[in-house]
Amino acid sequence: MRQTVVDGVPVVVTPAPGPVQATLYFRVGQADETAATRGVTHLVEHLALHGLGPFDHRSNGGTGQTVTQFETTGTPDEVATFLTGVCRSLSALRLGRLDVERRVLRTEEAAREADLETVSARWRHGARNYGLISYAEFGVGTLTADAVDAWATSHFTRDNAVLAITGELPAGLTLPLPSGVRRPMPAASAILPVTPAYFPGPGGWLGVTSMVDRGTPASLYARLLHRALMRSLRTEAGLSYTTAARYRVGSAGRAEITAHADADAGHVEEAVDLFVRTLQSGDWIDEAELARAVQDARTAMAEPSFAAGATRRWAQDILCGLPPRTREDIAAGLKAVSLADVAEVARACWANALLMLPGVRAERYGCERAPMSSRAVPPGRRFAARDGGRAYLVVGKDGVGLADEGRYATVRYTDCVLLVRHTDGGRLVLGADGLGVPLEPEVFAVDAATLASVDAAVNPAVIVDRERDANDIPRPDRARRRDRRIRAAKVALHRFWHSRVAFPAATLTVMAFVLVALCAGSTGSGTGVLRVLVALGGLLAFLGGLLVWRHHRYAHW
Amino acid sequence: MLPILRRLRQLPDTRTEALHPECMAWLTAVRAGDGDAARTAYAKLDADADPGTAVLLAGELSTAESVAHACLDADPADAVGRTLLGSRLIVRAWQARGGAVAAHTPQDRLDTFRELIDLAETELATATGDHPDDAAAWTLRVITCRALRFGTAEARRRHGLAVARRPHLLSAHRELLQQLAPKWGGSLDEMHAFAAEAAYAAPAGHSAAGLVALAYLEHVGHTGDVNVVRTDAAVGVLTEAAERLLSADTRTSGWVWAHSAFAAAFGLALQGRLARPHLDVLEDRLDLDAWWLFDHPEHKFKLLRRAAYRA
């Protein structure tokens, strides 16, 4: 592996026979965006590739969390033509095609299936930096051509790029990129108060993501975990079909370990139990398993594709300011690793774990539920729900809030990262912690002037206008409203019966007894039966009163 | 009924004032609905006072919720307010559920119970997230753990976090013992083992000794057979633990409960003579929490006292 420079761009070259594989990386990705500009890097990537097609397995682009890449495979000439084309395209984006690409991206987004990392990110990071992959590409529809161009000019520069080549470096390669600065890695925000934690995921799937220190022990642990999950969940218990664990280099010397499994609807709890216990205790890790994982890693190093992968990894490490590792470093790491190192990774992995579980609670494993609500609503004017329920909106001078049955969502204007303004008048206000407040005039009795005051209170840069299908506009739940009214009427009737009918009637009866008793006593004309009846009635009234009183006094829970 | 009438009828004093005088300033502030005063009173609770008991007693007051919200409005991360809110939700949940076993409780009551307990768990999780060393919040989380059936391992973890900050915290011990009782998924052996361990880990004279008696009371409640406390072995274990409680003249928080528990256990064991020292300490006080096995506990207490001093 050697390093050179072409037109100011560092190039990592690993000589190898066969076609040339080249990947041009830029240090920009989704984690650099904001919720309101979400998708801008992807848009630039698409615009840059336009006209360089046809796109098949040989040439493509990709937008990651921290890195955007353009890759191709072919003869040295083909590779040089592609790379030079991409660079030219990036320096002068074909903005005339912006609207077409907006449509393409929307279609791509609609077809994309959410994976574990995408779903988990917002629970760990909120609606910022590394959490943004959980959110829709809100910026794609609204960003102006100038904004897209400015993003490209500031991020797709020769000082913010690295090229990885496996094979021969094409002679006469030019990379005509403007100058700029190397972008630092975005800092990771953290919103989980405690880990391990869990959040409710879609049915049939369970997963975990965790951050550990990057290195050989962590990558071996992922291999071991992969086999352990397969063994316990699939082979032995027969609860899952798909099980997998993997290791991925993250930011700032950290690596992400993810694992997932599917589970049959009837056996979700057993699957969760096995899955979590495998993560929780590292006692299944033994010397034989470790030796096998080391051997597997050595076998992978001997494969021809390893060189290309290592070259790409090296280039990305340079770009992201991480210490790159040579083949010798990796081999030495494999030799030095001990059982204790891997057990330590297993412990760290569990301590930082964020689980995704389908409708199963994980407190029994010492996990806390990831926060799903704010602590309180801000002070401000309240707007009742139109369905007559107890939920209400609050619009105050510091922020907006939603309260529903003791759960709250609050967004302070200073923490607002996105305000989606629908053309029908509804709004979604999203806070940095990922909690959103829907300001829906159809659902809450909130007026247009108040909504406009919210628009005015937030940073104009976070406002995104969106069209919405009429069917997507939330409506008050009419059935719920009817049920509430029926229930309220029943309660009123019950109260009326007790306070206006039953209790007065009982009181009058007792009084009548007393009166009759007095009369009977004073005139001395009462018969024996009447006296007994009166005494009995009085006694009953007294005992009833006593019972009520005792019940009231000793109503212990 | 007026206290004077109870005295004339020789019924014991079961009022909170008599049982937990150390908590009264705090409870009075909560009853008055004053958030600031409540926070000050909580901060001024004796170092010896049991914060779990204090917060649970306050949760029984209908003003607890407004006090909690007042505290939280002033500071959303307030430990007292959040814990008090959790306590109130727990009390409301059990009020909605009623005391019957699950099989004899209507479904809608169980649903309400679960919803309220779930809210309590959320509030208390926030409290422990903000203040990981808040023993009262962790104690209450042992209760929510039990109600949500998270299992004994998690209950032990939460109990451990409560007693890590406040060693020998009686309220946390009592809640864990409930969890370890067979009715909540534990076993008799586990329950007795924990009771003995907690009782003897605490210094001599500590109310935690009462856990041994509580374990036997739970045992009787579980089997429905009063003979389990009448065996020589059981009386021996109880006597030893009672001696530990009586061996030092210290009154740690919950002492009325501990002596009430021993009085109940020795009463059931027909050991009036052994119950006498506890009745001496109790004078005319009784903690009904320790006498839940009996119908008309106050009258039974009166009878026990008569029998004990006659013996």
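Residues numbered from 1 in each chain as written. Chains lettered and ligands numbered in written order. Predicted model: local features only at pLDDT ≥ 70, side-chain atom pairs only at ≥ 80, totals over all residues. Heavy atoms only, no water.

Q: Got a sec to walk through the overall build of chain B? Specific residues and values, please.
A: Counting secondary structure elements, chain B contains 17 helices and 0 strands. The C-alpha radius of gyration of chain B comes to 19 Å, within 12% of the 19 Å expected for a compact globule of 311 residues. By principal-axis analysis of the C-alpha atoms, chain B measures approximately 60 × 40 × 40 Å. Counting the 311 residues in chain B, one finds 56% classified as buried. Taking contacts inside chain B between residues at least 6 apart in sequence as the whole, the part at least 24 apart equals 67%. Mean positive and mean negative side-chain charge positions of chain B (34 and 40 charges, respectively) differ by 6 Å. (Helix = DSSP H or I, 4+ residues; strand = E, 2+ residues; numbered from the N terminus. Rg over C-alpha atoms; globule rule 2.2 N^0.38 Å. Buried < 20%, exposed > 50% of the residue type's maximum accessible area, 1.4 Å probe, protein only. Contact = heavy atoms within 4.5 Å. Lys, Arg positive; Asp, Glu negative; His and termini not counted. Charge placed at Lys NZ, Arg CZ, Asp CG, Glu CD.)

Q: Tell me about unusual backbone geometry, and name the residues and values.
A: Residue and element names in this part refer to chain A. Looking along the chain, the bond that leaves Thr195 and enters Pro196 is cis, with omega of -5°. Following the sequence through the fold, Pro196 ends up in the loop between β6 (161-166) and β7 (197-200). Its identity as a non-glycine residue notwithstanding, Asp7 has a phi of 50°, on the positive side. The topology assignment puts Asp7 in the loop between β1 (2-6) and β2 (9-14). Classification of Asp7 as partly exposed rests on a relative accessible area of 39%.

Q: Just give me the short version of helix α12 (residues 188-201) of chain B, but keep the residues and values in it.
A: Residue and element names in this part refer to chain B. The terminal C-alpha atoms of α12, which comprises 14 residues, lie 20 Å apart, in line with the 20 Å expected from a rise of 1.5 Å per residue. All of the buried residues in α12 are Met191, Phe194, Ala195, Ala198 and Ala199. Seen end-on, α12 carries its buried residues on one side only, within an arc spanning 125°. Turned more than 90 degrees away from the buried face of α12 sit Asp189, Glu197 and Ala201, all of them exposed. Against α10 (152-165), α11 (170-180), α13 (210-223) and α14 (232-246) lie the buried residues of α12. (Expected span 1.5 Å × (residues − 1). Arc of directions from axis to C-beta.)

Q: Mind laying out the packing of α14 of chain B against helix α16 (residues 272-282) of chain B, listing which residues take part and the relevant values?
A: All names here are of chain B. At a minimum axis distance of 10 Å, the contact between α14 and α16 shows a crossing angle of 30°. Accordingly, the angle class assigned to the pair α14 and α16 is roughly parallel. α16 is crossed by α14, and the crossing has left-handed handedness. Of α16, the residues touching α14 (which contributes Val235, Thr239, Ala242, Leu245 and Leu246) are Leu274, Pro277, His278 and Val281. A per-class count over the contact of α14 with α16 returns 7 nonpolar, 2 polar and no charged. (Axes fitted to C-alpha atoms, helices over the stretch in contact; angles between N-to-C directions. Parallel < 35°, antiparallel > 145°, perpendicular 65-115°, else oblique. Left-handed = near helix turned anticlockwise from the far one by under 90°. Nonpolar A, V, L, I, M, F, W, Y, C, P; charged D, E, K, R; others polar.)

Q: Break down the pairing of β7 of chain A for me, citing the residues and quoting the values.
A: Along a regular strand, successive side chains alternate from one face of the sheet to the other. Residues and elements named next belong to chain A. Bridge count between β7 and strand β11 (residues 354-357): 4 bridges; the pairing is parallel. Bridge assignment links Tyr198 to a residue of β11, and that residue is Leu355. Strand direction decides the pairing type here: β7 and strand β12 (residues 368-369), joined by 2 bridges, are parallel. By the bridge assignment, Ala197 is partnered in β12 with Glu368. (Pairing = 2+ DSSP bridges.)

Q: A description of the sheet that holds strand β10 (residues 254-262) of chain A should follow, citing residues and the corresponding values.
A: Residue and element names in this part refer to chain A. Taken in spatial order, the 6 strands of this open sheet run β9-β10-β8-β11-β7-β12, and their pairing is mixed. Since the sheet does not close on itself, it has two edges, and those belong to β9 (243-249) and β12, each with one partner. Here 9 bridges tie strand β8 (residues 205-213) to β10, and the two strands are oriented antiparallel to one another. Bridge pairing in β10 links Asp213 to Arg254. Contacting β8, β10 and β11, helix α11 (residues 339-351) crosses the sheet at an angle of about 120° to β8.

Q: Which residues make up the sheet that holds strand β14 (residues 392-395) of chain A, and what values do they have?
A: All names here are of chain A. The sheet built from 4 strands is open, its strands ordered β13-β14-β15-β16 with antiparallel pairing. Two strands in the sheet have a free side with no partner beyond their single neighbour: β13 (381-384) and β16 (407-412). This sheet shows a mean twist of 15° between the axes of neighbouring strands, independent of strand direction. Of the pairings in the sheet, the one linking β13 to β14 comprises 4 bridges and is antiparallel in character. Bridged to Ala384 within β14 is Tyr392. Strand contacts of helix α12 (residues 448-457): β13, β14 and β15 (399-404), with the helix running at about 50° to β14, the strand carrying the most contacts.

Q: So what's going on with a nonpolar patch on the surface? Residues and values would help.
A: All names here are of chain A. Where nonpolar side chains cluster on the molecular surface, the patch consists of Val510, Phe513, Val514, Leu518, Val529 and Leu533 and spans about 520 Å² of accessible area. Of all the secondary-structure elements, those providing two or more residues to the nonpolar patch are α13 (478-523) and α14 (528-553). In terms of residue count, α13 provides more of the nonpolar patch than any other element does, 4 residues in total. (Patch = residues over 30% accessible without salt bridge, like charges linked within 9 Å, V, L, I, M, F, W, Y side chains within 5 Å. Areas by Shrake-Rupley, 256 points an atom, 1.4 Å probe, with all protein chains shown as cover. Salt bridge = Lys/Arg side-chain N within 4 Å of Asp/Glu carboxyl O.)

Q: Describe the domain arrangement of chain B, with residues and values.
A: The figure often quoted for interface size is the accessible area lost as the parts come together. Residue and element names in this part refer to chain B. Each domain of chain B was delimited in the assignment, giving domain 1 (21-186) and domain 2 (188-311). Placing a centre on the C-alpha atoms of domain 1 and another on those of domain 2 gives a separation of 25 Å. Taken residue by residue, the interface counts 19 residues in domain 1 and 23 residues in domain 2. Carbon and sulfur atoms supply 64% of the area buried between domain 1 and domain 2, which totals about 1,700 Å² over both sides. (Domains from an automatic or database assignment. Buried area = accessible area lost by both parts, 1.4 Å probe.)

Q: Any details on the nonpolar core? Residues and values, ideally.
A: In terms of nonpolar packing, the biggest core is built from 102 residues, with Trp26, Val30, Leu211, Leu238, Phe262 and Trp291 of chain B touching the most fellow members. Of the residues forming this core, the biggest block, 11 residues, is contributed by helix α15 (residues 255-268) of chain B. Each of domain 1 (21-186) and domain 2 (188-311) of chain B contributes no fewer than three residues to this core. Grouped together as the second largest cluster of nonpolar side chains are 49 residues, Tyr198, Tyr221, Val294 and Leu334 of chain A included. (Core = buried A, V, L, I, M, F, W, Y, C linked by side-chain atoms within 4.5 Å.)

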